[in-house]
Amino acid sequence: MSEAIIRSLKDLPSTHLLGGGTAMCAGCGGLQALHEIYDLLGRRTVFVNAAGCMTLLSVYPFTPFQSGFLYTSMSSAPAGAQGVRDALDILRQKGRLTAEEDMTAVVVAGDGASYGMGLSATSAAIERNLDFVYVCYDNEGYGNTGQQASGATPHAARTATTTGAHGHAGYKKDLFAIWAAHRPVYVATVIGSEPLDLAKKLEKAASLKGPRLILALAPCPTGWDYDPKLSVEIGHLAVKTGIWPLKEYVDGQVAHTRIPHPRVPVEEYLKLQGRFAHLFEPQRDDAAIAEIQAYVDGYWKEVV
Ligand SMILES: Cc1ncc(C[n+]2csc(CCOP(=O)(O)OP(=O)(O)O)c2C)c(N)n1
Ligand code: SF4
Ligand SMILES: [Mg+2]
């Protein structure tokens with residue numbers, strides 16, 4: 001591990017995203033990931049935020065950020081990042097901003113925006129080779145408005161809009177593959193409960209220029225219905241079961257940074273969350289659990 005990573009992990013700055021008057025839920029996995037990401041990216045960032053839970057972090061004077069923050073509608077954060085990048089470039093050209101003072105445009109958006117409403121603007125920004133980092137914290141639903149289903153909701157999960165006996169009928173979109181198909185400079189999946197893996201990827205992303213995605217699974221006690229103290233355990237299980245593969249795309253190649261072996265059965269992850277409780281009570285739904293297991297097994301069969 002590089003000295004820069006070790007330094008940033010040892011000297012976590014005094015920017016506590018849980019401080020101030022922000023009304024975030026205890027145990028928020030998205031906040032955990034964003035905290036780690038901000039510690040590594042530092043103050044010279046301009047966050048461009050699509051409406052969602054993390055918008056609550058912007059409320060002056062309680063914001064924990066010591067950097068810029070631009071709030072946009074759910075669909076337009078990448079367009080906002082373009083405007084920020086252009087403005088910084090103009091200031092650089094006019095000599096009003098030195099290279100040391102320059103800042104990074106960082107989109108912070110949830111899955112509702114990233115997998116759905118903002119996807120068109122994202123595709124266009126990558127096509128223009130916009131120099132920006134895109135952080136998606138993926139809590140697998142429209143969390144801020146009460147956890148309606150999104151394009152990231154996993155099969156069988158119950159949400160505010162998929163309340164039936166079998167939960168969500170669809171399957172989670174593969175945003176990693178959608179980004180990689182655009183051939184950007186960097187794409188990575190991370191999770192806050194694996195901070196060293198996250199730090200290595202952030203360090204790599206920060207060293208590059210162009211469109212870069214950091215896609216963080218964000219365990220969400222409120223939307224996924226579990227005790228906040230389980231967030232880190234659920235994050236570990238997402239990786240150990242193989243449900244959340246940790247990987248990166250660089251130079252046209254996909255590499256897995258963690259290959260869980262042996263993989264923990266998916267039910268260990270599912271049974272901790274109320275959104276999957278109908279798979280276990282009042283009767284165990286063996287067929288549905290086996291289907292989810294087969295889906296995950298099918299993914300890893302292609303990898304190893
Ligand atoms: C274009 C648009 N439609 C709807 C809304 C209302 N809205 C605000 S936050 C939100 C949920 C966003 O979900 P997601 O992107 O997953 O972020 P999360 O709330 O889960 O953090 C919605 C629907 C909006 N701000 N803009
Ligand atoms: S609803 Fe979920 S993502 Fe939103 S603040 Fe609460 S725990 Fe975090
Ligand atoms: Mg969400």
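The notes below deal with the structure included here.

Parameters and conventions
- Residues numbered from 1 in each chain as written.
- Chains lettered and ligands numbered in written order.
- Predicted model: local features only at pLDDT ≥ 70, side-chain atom pairs only at ≥ 80, totals over all residues.
- Heavy atoms only, no water.
- Phe/Tyr/Trp six-rings, centres within 6.5 Å; stacked < 30°, edge-to-face > 60°.
- Buried < 20%, exposed > 50% of the residue type's maximum accessible area, 1.4 Å probe, protein only.
- Lys NZ or Arg CZ within 6 Å of the ring centre and 35° of its normal.
- Pairing = 2+ DSSP bridges.
- Helix = DSSP H or I, 4+ residues; strand = E, 2+ residues; numbered from the N terminus.
- Axes fitted to C-alpha atoms, helices over the stretch in contact; angles between N-to-C directions.
- Arc of directions from axis to C-beta.
- Contact = heavy atoms within 4.5 Å.
- Salt bridge = Lys/Arg side-chain N within 4 Å of Asp/Glu carboxyl O.
- Near = heavy atom within 4 Å.
- Polar contact = N/O pair within 3.5 Å; in protein donor to acceptor, adjacent residues only side chain to side chain.
- Areas by Shrake-Rupley, 256 points an atom, 1.4 Å probe, with all protein chains shown as cover.
- Nonpolar A, V, L, I, M, F, W, Y, C, P; charged D, E, K, R; others polar.

### Brief notes about the packing of aromatic side chains
Piece 1. Following the criterion strictly, the structure yields ten aromatic pairs and no others.
Piece 2. Ring centres 5.6 Å apart and planes at 55° place the aromatic pair Tyr38 and Phe47 in the tilted group.
Piece 3. Its relative accessible area of 2% is what places Tyr38 among the buried residues.
Piece 4. Owing to a relative accessible area of 0%, Phe47 belongs among the buried residues under this scheme.
Piece 5. Sitting above the plane of the Phe176 ring, Lys247 keeps its charged end 4.4 Å from the centroid.
Piece 6. Sitting above the plane of the Trp224 ring, Arg275 keeps its charged end 3.8 Å from the centroid.

### Description of the sheet that holds strand β8 (residues 253-258)
Piece 1. Within the open sheet, the eight strands sit side by side as β2-β1-β3-β4-β6-β5-β7-β8. Their pairing is mixed. Each edge of the sheet is formed by a strand with only one pairing partner; in this case those strands are β2 (68-72) and β8. Neighbour to neighbour, the strand axes of the sheet diverge by 20° on average, direction disregarded.
Piece 2. Sheet topology note: the strand β1 (residues 45-50)/strand β3 (residues 104-110) ladder contains five bridges and is parallel.

### Remarks on helix α5 (residues 119-127)
Piece 1. Among the residues of α5, those classed as buried are Leu119, Ala121, Thr122, Ala125 and Ile126. Seen from one end, α5 has its buried residues packed into an arc of 160°, which puts them on one side. Opposite its buried face, α5 presents the exposed residues Ser120 and Glu127, each directed more than 90 degrees away.
Piece 2. The inward-facing, buried residues of α5 contact α3 (77-93), α4 (111-117), β4 (132-138), α6 (175-180) and β6 (211-217).
Piece 3. Downstream of α5 by a residue or two, Asn129 has a phi angle that is positive, lying close to 60°.

### Some remarks on the pattern of salt bridges
Piece 1. In total, this model carries 16 salt bridges according to the counting rule given.
Piece 2. The closest approach of N and O atoms between Glu268 and Lys271, which form a salt bridge, is 3.1 Å.
Piece 3. Residue Lys271 is classed as partly exposed on the basis of its relative accessible area, which comes to 45%.
Piece 4. Linked by salt bridges that have partners in common, Arg85, Asp89, Arg92 and Asp102 make up one network.

### A look at the site of ligand 1
Piece 1. Surveying the vicinity of ligand 1 reveals 16 residues, the closest of which are Cys53, Gly112, Tyr137, Gly143 and Asn144.
Piece 2. Within the backbone of Gly112, an N or O atom sits 2.7 Å from an oxygen atom of ligand 1.
Piece 3. A total of 590 Å² of accessible area belongs to ligand 1 in isolation, and the protein chains cover 77% of it.
Piece 4. The leading source of residues in the shell around ligand 1 is α4, at four residues.
Piece 5. Split into classes, the residues belonging to the shell around ligand 1 amount to seven nonpolar, eight polar and one charged.

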